[in-house]
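# Descriptive analysis of the structure
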Amino acid sequence: MSCVQASDGTCINEDGGFISVLYGALAQLAFNLLSTDADATASSPQVARVISLLLLSTIVFCVMAVHYLNADWHLWRDSKLTLESILDRVPDIASQVDLPPLQLPGEDCNDNGPQYGATSSAASKPIQLVDDASPAILQCYSPATLDKLGTVPNLSAGQVSELAMRSKVAQQSWKTTTFAQRRRVLRTLQKYVVSHIDEICQLCAKDSGKTQVDALLGEILTTCEKIRTLLHHGETWLEPSKRPVNPMMMHKSAYVEYVPLGVLGIIAPWNYPFHNMLNHVLSGIFSGNGVVTKCSEHTSWSSVYFHSICRAALEANGFDPELVQLCTGVAETGKALVECPHVDKIFFTGSPNVGRHVMKGAAPFLKPVVLELGGKDAMVFCEDVKLKDVIPWAMRGCFQNCGQNCCGVERLFVYESIAHDFIAAIVEKVRSLRQGCPLSENLVDCGAMVMDAQCILVQGLVDDAVSKGATLHCGGKRNTYNGGQFYEPTLLSGVTPNMRIWKEEVFGPIMCVITVPGDNDETCVQMVNDCAFGLGSSVYSASTSRALAIGSQFNTGMFTANDFGVNYLIQSLPFGGVKESGFGRFAGPEGLRSCCLERSIVVDRIPGVRTSIPGPIDYPMNTKQGMGFGKGLIKLFYGDSVWVKAKGVLDLIRNA
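Residues numbered from 1 in each chain as written. Predicted model: local features only at pLDDT ≥ 70, side-chain atom pairs only at ≥ 80, totals over all residues. Heavy atoms only, no water.

The subject of this paragraph is the environment of Ile-501. Locating Ile-501 in the fold gives a position in helix H16 (residues 500–503). In this structure Ile-501 comes out as buried when scored by relative accessible area, which is 1%. Separated by 36 residues in sequence, Ile-501 and Ala-465 place their C-alpha atoms 6.6 Å apart. Discounting chain neighbours no more than four positions away, the residues touching Ile-501 are Lys-376, Leu-461, Ala-465, Leu-492, Val-495, Val-506, Ile-510 and Cys-512. (Helix = DSSP H or I, 4+ residues; strand = E, 2+ residues; numbered from the N terminus. Buried < 20%, exposed > 50% of the residue type's maximum accessible area, 1.4 Å probe, protein only. Contact = heavy atoms within 4.5 Å.)

Okay, structure coming up:
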């Protein structure tokens, strides 16, 4: 082996040339990084080669690891968003939002009830939302106390159209904003929400009768997670989606882009006034749309305040607050929004019957709709569960928000061998639930019903079930202690298919226990699917694989194994059901993209290479030559053997 002396005195192997020099340099770099004996590389080229290869392998491995971790964990994106949130501080809009009074004159929640089972001869004061003398005004009442909260406008069709037009005008500039600008508005909203948790929970409690804890879990937590999900994933979900091309189009690139629709019309329900106000506003404006929301006439008082938060966040960041609009009023106001020519798509949450009217109203305009309708979710307890572990889930599933929950548990299927013990253990839990005004100083587990009509419906379902053989263990009647709209937490067992409550949506604080005979999984599946609704479902079992096997046979839009309600807290999942529970989805990439026009795009892949029409199929055509050329193309690209493809090439040459 011969060598030459380098300028620094080291020996370089002439036989290996450049490769040896590279090995030596890499090895020396490795020794400098990892060892104090860098000169060892000069006297042993073999060691240099091994060390350099190890260093190269380590570098390649690290690069590949970072690449795949970034693909799964989105490291670069999250780093960018973290820096964005640190360096780009958003404004505080607290001074721009007028907080309504939380204690009204003459209102008193600090009495000693009503607790469970307490009754009074006092009749509920009649509530008239629209006064015949002032039809343009909507009255707002607290369902827990029946105290008047205030008034809001009962908008006409002309006023709805005017608001939608304002949103449409503002959307023309909003659709050109960057995702960073849209994230800034959402972060401004989130900053306000996090710093005003108590106030928002109290307003929800006052206007809808729910407990403050129910408001915290169902209104604040879900909304904050919605914002977080959009901040972290929204831009990725709306990026152009590349699509594969076929061999004939190999010189083309194809993708789908997501373009704002224009103005979204939202008809929101009354069970979660804060979250239902912001839910579609968040996805709507993030996807570049204007949003016009028709809130429920039963929770309009708080909705006006919640709407003002959205407008303040836009204005504080230099954008037109007219982008988002609120329509208050009764059914005619919602009808006007559906039929408004300035609204491009309708998102409706409510009952199946009203959903059909929404479809009918949108049909003449061929206006797309998303319908999130009723639910009658099943929760299944297999015989291998531990009762102490599943009873809290049964309680939360049935009595969260006083049962006024889209994905609340309305059918509790308990396997026969544990049904007796389950009922014995849970009856006292249900009976001990404390009910009362949610803003009182007393401890309250279950609040009021938003609508008095719902109390009447629930009573009819319970009475029908009892008359047909169901066992009423506790509850089963109104709690009329202070004249508010309360219905006692109720436990029924022995519910069978001939009862109305088996089929009809309850939307109230009723736990219906249904026994699964013989602990049979197949029977359980048949019983669960014997339902017109198909929103969510859950199965609890000591075996997760068994729970999945059972749940995979349910005809529902969502399923959870050994948990309840977490589908909605994971906002990357689409939310929605089948059958009477509606169609379409919100949340997740599917929901965000449903706010957009999905536009297919094809462009040239290689500069200068463009499609031209071959002579045999160009006008004017020779039919024989054109057919021969076309058949050659089909054989070449779609033939199932080399011989057929070869014949296709010959046909192309013959008819070119």
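Having put the structure on the table, let's press on.
Once that is clear, we can look at the layout of surface pockets. Its volume calculated, the largest pocket comes out at about 1100 Å³. Residue lining of the largest pocket: 41 residues in total, with Phe-348, Gly-350, Ser-351, Asn-353 and Val-354 positioned closest to the centre. Listing elements by their share of the lining of the largest pocket, those giving two or more residues are helix H11 (331–339), strand S10 (345–349), helix H12 (352–362) and helix H15 (452–467). Each residue belonging to the lining of the largest pocket can be placed in one class, and the counts come to 18 nonpolar, twelve polar and eleven charged. If you trace the second largest pocket, you find 29 residues lining it, with Gly-218, Thr-222, Tyr-272, Asn-405 and Tyr-568 closest to the centre. Those elements that place two or more of their residues in the lining of the second largest pocket are helix H8 (212–238), strand S7 (263–267), helix H9 (273–286), helix H13 (387–399) and helix H19 (566–569). Considered class by class, the residues forming the lining of the second largest pocket number 16 nonpolar, eleven polar and two charged. (1 Å grid on protein atoms, 1.4 Å probe; cavity = no way out; pocket = protein on both sides within 12 Å on 5 of 7 lines; lining within 4 Å. Points joined across faces, edges and corners; volume = space filled by probe spheres on them. Nonpolar A, V, L, I, M, F, W, Y, C, P; charged D, E, K, R; others polar.)

Spatially, S9-S8-S7-S10-S11-S23 is the arrangement adopted by the six strands of the open sheet, whose pairing is mixed. Only two strands of the sheet have a single neighbouring strand rather than two, namely strand S9 (324–327) and strand S23 (582–583). Here S7 runs beside strand S8 (residues 290–294); their pairing, made up of five bridges, is parallel. By the bridge assignment for S8, Val-263 is matched with Gly-290. Its contacts with the sheet put H9 on S7, S8, S9 and S10, and the angle it makes with S8 is roughly 165°. (Pairing = 2+ DSSP bridges. Axes fitted to C-alpha atoms, helices over the stretch in contact; angles between N-to-C directions.)

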